[in-house]
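Descriptive analysis of the structure
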Amino acid sequence: MENVNLPKIMLGTWFWGAGMYGGDQVFGNSISTQDVKEVFKAAVENGLNAFDTATAYGLGASEEILGGLMADYKREDLIISTKFTPQLAEMYDNSVEKMAEASIARFHTDYIDIYWIHNPIESERWVAGLIPLLKAGKVKAVGVSNHNLAEIKRANEVLNAEGFKIDAVQNHFSLLYRSSEKAGILDYCQQNDITFFAYMTFEQRGIEW
């Protein structure tokens, strides 16, 4: 499998939309499509064309907002990242493919650039569910989020057996929280051509100017 050209940075959209696990409950705000339309436009026009979301963010609300904003742009000019969340698996008949297809429909597209296993609950089971999506071209690159080193290695083994690999890891990482560095995850990613994405780099604190 050819190496996927992943972005260096993505714009997170957890706070877009309301509902269970949505921005109103987690961050205390209520963001509509209109609220973020100019943000989206400014990001794309200045070269930030990669957006990270998840089915869990407002139970699809964030994806729906992102999908609406995408309509004004060429699909090939955007990089869309979203996640399979194990805690929601029963809502999609315990199928990675069905949750992914629901996300694809909300984006009004036919593929996802980066699809993640959101957390390591029964990770090996769900990682195997990524393989049909990769073979069908519905997913271009895959990653694991919130996984430890052993879980990342096992996910890679499962994919390697079918000719694929982990393309990216997304973990909490900051100057104050360096567990991925101490555990050898950063080294493993570098050695295996895996892109590492850090989230909560400012520990969910605002920056005062």
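Residues numbered from 1 in each chain as written. Predicted model: local features only at pLDDT ≥ 70, side-chain atom pairs only at ≥ 80, totals over all residues. Heavy atoms only, no water.

1. Here's the deal with the packing of helix α3 (residues 61–70) against helix α4 (residues 96–107)
To keep it simple, the criterion reads: Angles here are taken between N-to-C directions and fall from 0 to 180 degrees, while the axes themselves are lines fitted to C-alpha atoms, restricted in helices to the stretch in contact. Secondary structure follows DSSP: runs of H or I at least 4 residues long count as helices, runs of E at least 2 residues long count as strands, and numbering of each begins at the N terminus. Working definition: roughly parallel below 35 degrees, roughly antiparallel above 145 degrees, roughly perpendicular at 65 to 115 degrees, and oblique for all remaining angles. Only heavy atoms enter the contact rule, under which two residues are in contact if any of them lie within 4.5 Å. Three classes are used: nonpolar for Ala, Val, Leu, Ile, Met, Phe, Trp, Tyr, Cys and Pro, charged for Asp, Glu, Lys and Arg, and polar for all others, with Gly counted as polar.
Between α3 and α4, the least distance of the axes is 7 Å, while the angle of their chain directions is 40 degrees. One element, α3, and the other, α4, form an angle in the oblique class. Of the residues in α4, those touching α3 at Glu-63, Glu-64, Leu-66, Gly-67 and Met-70 are Ser-103, Arg-106 and Phe-107. Taken together, the residues of the contact of α3 with α4 break down into 3 nonpolar, 2 polar and 3 charged.

2. Considering the sheet that holds strand β2 (residues 50–52)
Note the threshold: When DSSP finds two or more bridges between two strands, those strands count as paired.
Taken together, the 7 strands give an open sheet; going across it, the order is β1-β2-β3-β4-β5-β6-β7, and neighbouring strands pair in parallel fashion. Because the sheet does not close on itself, it has two edges, and the strands there are β1 (11–12) and β7 (195–199). Relative to β7, strand β6 (residues 168–172) runs parallel, the two being bridged by 5 bridges. If you follow Asn-171 over to β7, its bridge partner there is Ala-198.

3. Here we look at unusual backbone geometry
Residue Asn-94 is not a glycine yet carries a positive backbone phi of 55 degrees. Its location among the elements puts Asn-94 in the loop between β3 (79–84) and α4.

4. As for α3
To keep it simple, the criterion reads: Exposed residues in this analysis have more than 50% of their type's maximum accessible area, buried residues have under 20%, and partly exposed residues fall in between, with area computed by a 1.4 Å probe over protein chains only.
α3 sits mainly inside the fold: 8 of its 10 residues count as buried. The complete set of buried residues in α3 reads Ala-61, Ser-62, Glu-63, Ile-65, Leu-66, Gly-67, Leu-69 and Met-70. Taken together, the buried residues of α3 touch α2 (33–45), β2, β3 and α4.

5. Let's talk about the pairing of strand β5 (residues 139–145)
What counts is decided by this rule: When the strands point away from the viewer, a crossover counts as right-handed if the path from the first strand over the helix to the second runs clockwise.
For β5, the buried fraction is high: 6 of the 7 residues fall into the buried class. Sheet topology note: the strand β4 (residues 112–117)/β5 ladder contains 5 bridges and is parallel. Along β5, the bridge assignment pairs Ile-112 with Val-139. In the sheet, β5 pairs with β6 via 3 bridges, with the strands oriented parallel. Bridging from a neighbouring strand, Gly-143 pairs with Ala-168 of β6. For the segment spanning β5, helix α7 (residues 149–160) and β6, crossover handedness is right-handed.

6. Quick look at the pattern of salt bridges
Short version of the rule: By convention in these notes, a salt bridge is any Lys or Arg side-chain nitrogen within 4 Å of a carboxyl oxygen on Asp or Glu.
This model, assessed by the stated rule, comprises 11 salt bridges. Of the charged contacts, one joins Asp-52 and Lys-83 as a salt bridge, the two residues approaching to 2.8 Å between their closest N and O atoms. With Asp-52 in strand β2 and Lys-83 in strand β3, the pair connects residues that are 31 residues apart, well separated along the chain. Accessibility assignment for this pair places Asp-52 and Lys-83 in one class, buried.

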